[in-house]
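# Survey of secondary and tertiary structure
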Amino acid sequence: MAGAKLEVESGAQLLARLSNKPKLKNLDTFLFEDGPQPKDVIEFYGEEGSGKTEMLLHLVAKCILPSTWCGMNLNGQAVGVLFVDTDYHFSVIRLASILEHCVNSAVSLQPKLPKNDCCFRDLNEVKTLDSPPKEDEIDTFIKACLKRLFVVKCNSSHQLIVTLHSLESLLDSKPDICVLMIDSLSAFYWIDRSNGGDNVTTQEANQRRTVDVLSRLVMTYNLVLFATKPAIIQRRANDEGASSTTSTDSPSHFSCKNKEKDSPEHYEYLCKSWQKFVTHRWTFSRSQQPFVTTMPNNTILNRYKVTIADLKMSTKLTRQFCITDGGIEYIM
């Protein structure tokens, strides 16, 4: 088009823009002591229904919400998130419900004020509330927050690898994107294993390609990576003495996951490239002991547990939570 200007950026300018990403300090102080840090690779491991995807949505909400809005403290980060959905579990309706709950909870903490006073509505500046935001204003605000979220869906390993390659242009143009999430990394494990025949190297080829691309994205763009890995296989009873990080070189050791175990023991079945790449592992489980809320009306909820392990520092901590209509609530 005539008159259009070509924007040119030097390598130094690009480096400065990509390296000055917002920090995720205080993303969730109950889960992170100081972090997560750029280039952290956090694996969510657990059986189906143990809260992995719900925790991802909780962290998405924390990322895309701002720290304050209309004088209310939302404790958000106002950063961008890339969500790669391979299991087709992602629900924008569920996420919007969590965001709405966060805003309404902040509104409920505000003192009662006259209804007809004017209220400052700028989404970016901090002002004191003169009146609670109206429902349509909250809807507009939530839609503005959702613009920080980018969701892509993949239905095969090949599509996942191609998609990850294509994300570089988006990351170049959106330096505020700090978090990459994949739910789940092992969605195509059985298909790849079947297509690979009896050769373990061929079975793991797509896994290694995926990890190679992820490694480049995380290191180049200073991202935090969250990836879920379902506990779909386990060690047989006669292999209990073996290491929990055994590779997939011995398919005969695999068996279906025992659903009666309260907390699954981690069993590695992905390639060694992924094992070396992971810095933290969160192991999720659903407790057999329910949680009874005091309000309202002594509601009985499922109790979940997550054990957070720093694989580099060899440290662990355990947290408990329940899942409500408004998202995750911690059990102290």
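In this text the structure is predicted, and so the values were computed from the model without any measurement. (Residues numbered from 1 in each chain as written. Predicted model: local features only at pLDDT ≥ 70, side-chain atom pairs only at ≥ 80, totals over all residues. Heavy atoms only, no water.)

Here we come to the overall build of the protein chain. Secondary structure summary: the protein chain contains 9 helices and 15 strands in total. Burial statistics for the protein chain: of 332 residues in total, 46% are counted as buried. Of the contacts made within the protein chain by residues no fewer than 6 positions apart, 69% connect residues no fewer than 24 positions apart. As displayed, the protein chain offers around 17,200 Å² of accessible surface, 51% of which is attributable to carbon and sulfur atoms. (Helix = DSSP H or I, 4+ residues; strand = E, 2+ residues; numbered from the N terminus. Buried < 20%, exposed > 50% of the residue type's maximum accessible area, 1.4 Å probe, protein only. Contact = heavy atoms within 4.5 Å. Areas by Shrake-Rupley, 256 points an atom, 1.4 Å probe, with all protein chains shown as cover.)

So, about the packing of aromatic side chains. Taken as a whole and assessed by the stated rule, the structure comprises 12 aromatic pairs. Ring geometry for Phe32 against Trp282: centres 5.3 Å apart, planes inclined by 45 degrees, an arrangement best described as tilted. Note that Phe32 is positioned in the loop between α1 (11-19) and β1 (41-46) and Trp282 in strand β10 (residues 280-286), a separation of 250 residues in sequence. A ring pair is formed by Tyr189 and Trp190, whose centres lie 5.0 Å apart and whose planes are at 75 degrees; its orientation type is edge-to-face. Judged by its relative accessible area of 44%, Trp190 is partly exposed. Members of the aromatic cluster, connected to one another through ring pairs, are Phe32, Phe44, Phe226, Trp282, Phe284, Tyr304 and Phe321. Over the ring of Tyr269 we find Lys229, and its NZ or CZ is 5.6 Å from the ring centre. One residue, Arg319, lies across the ring of Phe30, its end atom 4.7 Å from the ring centre. (Phe/Tyr/Trp six-rings, centres within 6.5 Å; stacked < 30°, edge-to-face > 60°. Lys NZ or Arg CZ within 6 Å of the ring centre and 35° of its normal.)

So, about the nonpolar core. Within the largest apolar cluster, 48 residues are counted, with the highest numbers of intra-cluster contacts made by Phe44, Met55, Leu59, Leu95, Met181, Phe226 and Trp282. If one sorts the elements of this core by residue count, helix α2 (residues 52-64) sits on top with 8 residues. Non-local contacts of Met181, meaning those with residues more than four positions away in its chain, are made with Leu56, Leu59, Val60, Val81, Leu82, Phe83, Val84 and Phe226. Leu171, Leu217, Leu225 and Trp274 belong to the second largest nonpolar core, which has 35 residues in total. (Core = buried A, V, L, I, M, F, W, Y, C linked by side-chain atoms within 4.5 Å.)

The N-to-C vectors of helix α5 (residues 157-173) and helix α8 (residues 205-221) enclose an angle of 10 degrees; their axes lie 9 Å apart at closest approach. Classified by the interaxial angle, the pair formed by α5 and α8 is roughly parallel. Contacts between α5 and α8 involve Ser157, Leu160, Ile161, Leu164, His165, Glu168, Leu171 and Asp172 from the first element and Asn206, Arg209, Thr210, Val213, Leu214, Arg216, Leu217 and Tyr221 from the second. Residue composition of the contact of α5 with α8, grouped by class: 8 nonpolar, 4 polar and 4 charged. (Axes fitted to C-alpha atoms, helices over the stretch in contact; angles between N-to-C directions. Parallel < 35°, antiparallel > 145°, perpendicular 65-115°, else oblique. Nonpolar A, V, L, I, M, F, W, Y, C, P; charged D, E, K, R; others polar.)

Per-residue confidence for the protein chain averages 84 on the pLDDT scale, and 78% of its residues sit at or above 70. Mean pLDDT values for the elements of the protein chain range from 44 in strand β9 (residues 254-256) up to 98 in strand β4 (residues 80-85). Overall, residues 113-121 carries pLDDT values under 50, and its contacts beyond four positions in sequence, including any with other chains, amount to 24 contacts. Counting interchain partners and residues more than four positions distant, the pLDDT-below-50 stretch residues 123-128 has 9 contacts. (pLDDT = per-residue confidence, 0-100.)

All right, on to the packing of α2 against helix α3 (residues 92-108) then. Contact geometry for α2 and α3: axes closest at 10 Å, N-to-C directions at 55 degrees. One finds that α2 runs oblique with respect to α3. Considering only the axes of α2 and α3, their crossing is right-handed. On the side of α2, the interface is formed by Glu54, Leu57, Val60, Ala61 and Ile64, while α3 contributes Arg94, Leu95, Ile98 and Leu99. The residue makeup of the contact of α2 with α3, split by class, is 7 nonpolar, no polar and 2 charged. (Left-handed = near helix turned anticlockwise from the far one by under 90°.)

So, about a negative patch on the surface. On the surface, Glu100, Glu135, Asp136 and Asp139 cluster together into a negatively charged patch. When residues in the negative patch are grouped by element, the largest group, 3 residues, is from helix α4 (residues 135-146). As for its position among the elements, Asp139 is in helix α4. In this structure Asp139 comes out as partly exposed when scored by relative accessible area, which is 35%. (Patch = residues over 30% accessible without salt bridge, like charges linked within 9 Å, V, L, I, M, F, W, Y side chains within 5 Å. Salt bridge = Lys/Arg side-chain N within 4 Å of Asp/Glu carboxyl O. Lys, Arg positive; Asp, Glu negative; His and termini not counted. Charge placed at Lys NZ, Arg CZ, Asp CG, Glu CD.)

The pairing of strand β13 (residues 304-310) with strand β14 (residues 315-324) spans 7 bridges and is classified as antiparallel. Of the residues in β14, the one forming a bridge with Tyr304 is Phe321. Alignment of β14 against strand β15 (residues 327-331), held across 5 bridges, turns out to be antiparallel. Within β15, the residue paired with Thr324 across the bridge is Gly327. The antiparallel pairing of β14 with β15 creates a hairpin that spans 2 residues between the two strands. (Pairing = 2+ DSSP bridges.)

Here we take up α4. Between its first and last C-alpha, α4 extends 17 Å over 12 residues, near the 16 Å set by a 1.5 Å rise per residue. By the burial criterion, the buried members of α4 are Ile138, Phe141, Ile142, Cys145 and Leu146. On an axial view of α4, the arc spanned by its buried residues comes to 140 degrees, and they lie on one face. In this structure, α4 carries Thr140 and Lys143 as exposed residues pointing more than 90 degrees from its buried face. Residues of α4 that are buried make contact with α2, β2 (68-69), α3 and β5 (149-153). (Expected span 1.5 Å × (residues − 1). Arc of directions from axis to C-beta.)

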